[in-house]
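# Summary of structural features
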Amino acid sequence: ILFSDQGVKLLKEVMEKSDTVRYRVFDVIIDASLVSGQALECAQTKGFITKILEDLESTDVLLQLTALENVSRLSDSPTAYTTLRNLGIFKGIGAWLGVSGRSSGNASYTGCYFGLVLFSFLLKNIRY
């Protein structure tokens, strides 16, 4: 039901309301994807995973952190981890950190914080 044509249309309409609502929808999609490989495949083919990854390139630091948190949550599943790796997200995160650290006057703090988040993310996923 969640990934039916009508369900996807409704989810995408609701996601347009605000960033907060969009990330609540992402929470539901990620939870379903962690439980079911079929749900993960549907989330990817319907474009939800790509939308999460697009926020890594946002100029809004909070959106970037939320997207990174969602990538981290998804990587808890070996299947989702493989999907993210195949999408090149882990290589992209390193490049992303280099870009985001130069974008503001607090570049050293931003880069340092993102570096710590990435480091904990990589440590958590080193088993794969």
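Data block above holds the structure.
How each quantity is defined
Residues numbered from 1 in each chain as written. Predicted model: local features only at pLDDT ≥ 70, side-chain atom pairs only at ≥ 80, totals over all residues. Heavy atoms only, no water. Helix = DSSP H or I, 4+ residues; strand = E, 2+ residues; numbered from the N terminus. Buried < 20%, exposed > 50% of the residue type's maximum accessible area, 1.4 Å probe, protein only. Contact = heavy atoms within 4.5 Å. Axes fitted to C-alpha atoms, helices over the stretch in contact; angles between N-to-C directions. Nonpolar A, V, L, I, M, F, W, Y, C, P; charged D, E, K, R; others polar. Expected span 1.5 Å × (residues − 1). Phe/Tyr/Trp six-rings, centres within 6.5 Å; stacked < 30°, edge-to-face > 60°. Lys NZ or Arg CZ within 6 Å of the ring centre and 35° of its normal. Salt bridge = Lys/Arg side-chain N within 4 Å of Asp/Glu carboxyl O. Arc of directions from axis to C-beta.

### Side note on the overall build of the protein
Counting secondary structure elements, the protein contains eight helices and zero strands. Ordering the α and β elements of the protein from the N terminus gives α-α-α-α-α-α-α-α. Taking all 128 residues of the protein together, the buried fraction comes to 38%. A fraction of 63% describes how many contacts in the protein between residues 6 or more apart in sequence connect residues 24 or more apart.

### A word on the packing of helix α1 (residues 5–15) against helix α2 (residues 19–35)
Where α1 meets α2, the closest approach of the two axes is 8 Å, and the angle between their N-to-C directions is 145°. Of the residues in α2, those touching α1 at L11, V14 and M15 are V21, R22, V25 and F26. Partitioning the contact of α1 with α2 into residue classes produces six nonpolar, no polar and one charged.

### Here we look at helix α5 (residues 61–74)
Taking 1.5 Å of rise per residue, 14 residues should cover 20 Å, and α5 covers 20 Å from first to last C-alpha, within 8% of that figure. By the burial criterion, the buried members of α5 are L63, Q64, A67, L68, N70, V71, S72 and L74.

### Some points on the packing of aromatic side chains
Counting across every chain of the model gives two aromatic pairs. Their ring planes at 80° and their centres at 4.9 Å tell us that Y23 and F26 sit as a pair that is edge-to-face. Residue Y23 and its partner F26 are located together in helix α2, separated by three residues, close to a single helical turn. Each member of the pair, Y23 together with F26, is buried. A cation over an aromatic ring shows up here: K12 above the ring of F48, its NZ or CZ 5.5 Å from the ring centre.

### Some words on the environment of K46
By the secondary structure assignment, K46 is in the loop between α3 (37–45) and α4 (48–54). Separated by 41 residues in sequence, K46 and D5 place their C-alpha atoms 9.2 Å apart.

### Comments concerning the side chain of N70
As for its placement among the helices and strands, N70 is situated in helix α5. In contact with N70, not counting residues within four places along its chain, are Y23, F26, D27, I30 and I52.

### Here we look at the pattern of salt bridges
Taken as a whole and judged by the stated rule, the model has six salt bridges. The salt bridge partner of R73 is D27, with a shortest N-O separation of 3.1 Å. Taken as a pair, R73 in helix α5 and D27 in helix α2 lie far apart in primary sequence, 46 residues in all. Residue D27 is classed as partly exposed on the basis of its relative accessible area, which comes to 25%.

### Regarding α1
Restricting attention to buried positions, one finds in α1 the residues G7, V8, L11 and M15. An end-on view of α1 places all buried positions within 95° of arc, on one side of the element. What points out from α1, more than 90 degrees from its buried face, is the exposed set D5, Q6, K9 and L10. In this fold, the buried residues of α1 make contact with α2 and α4.

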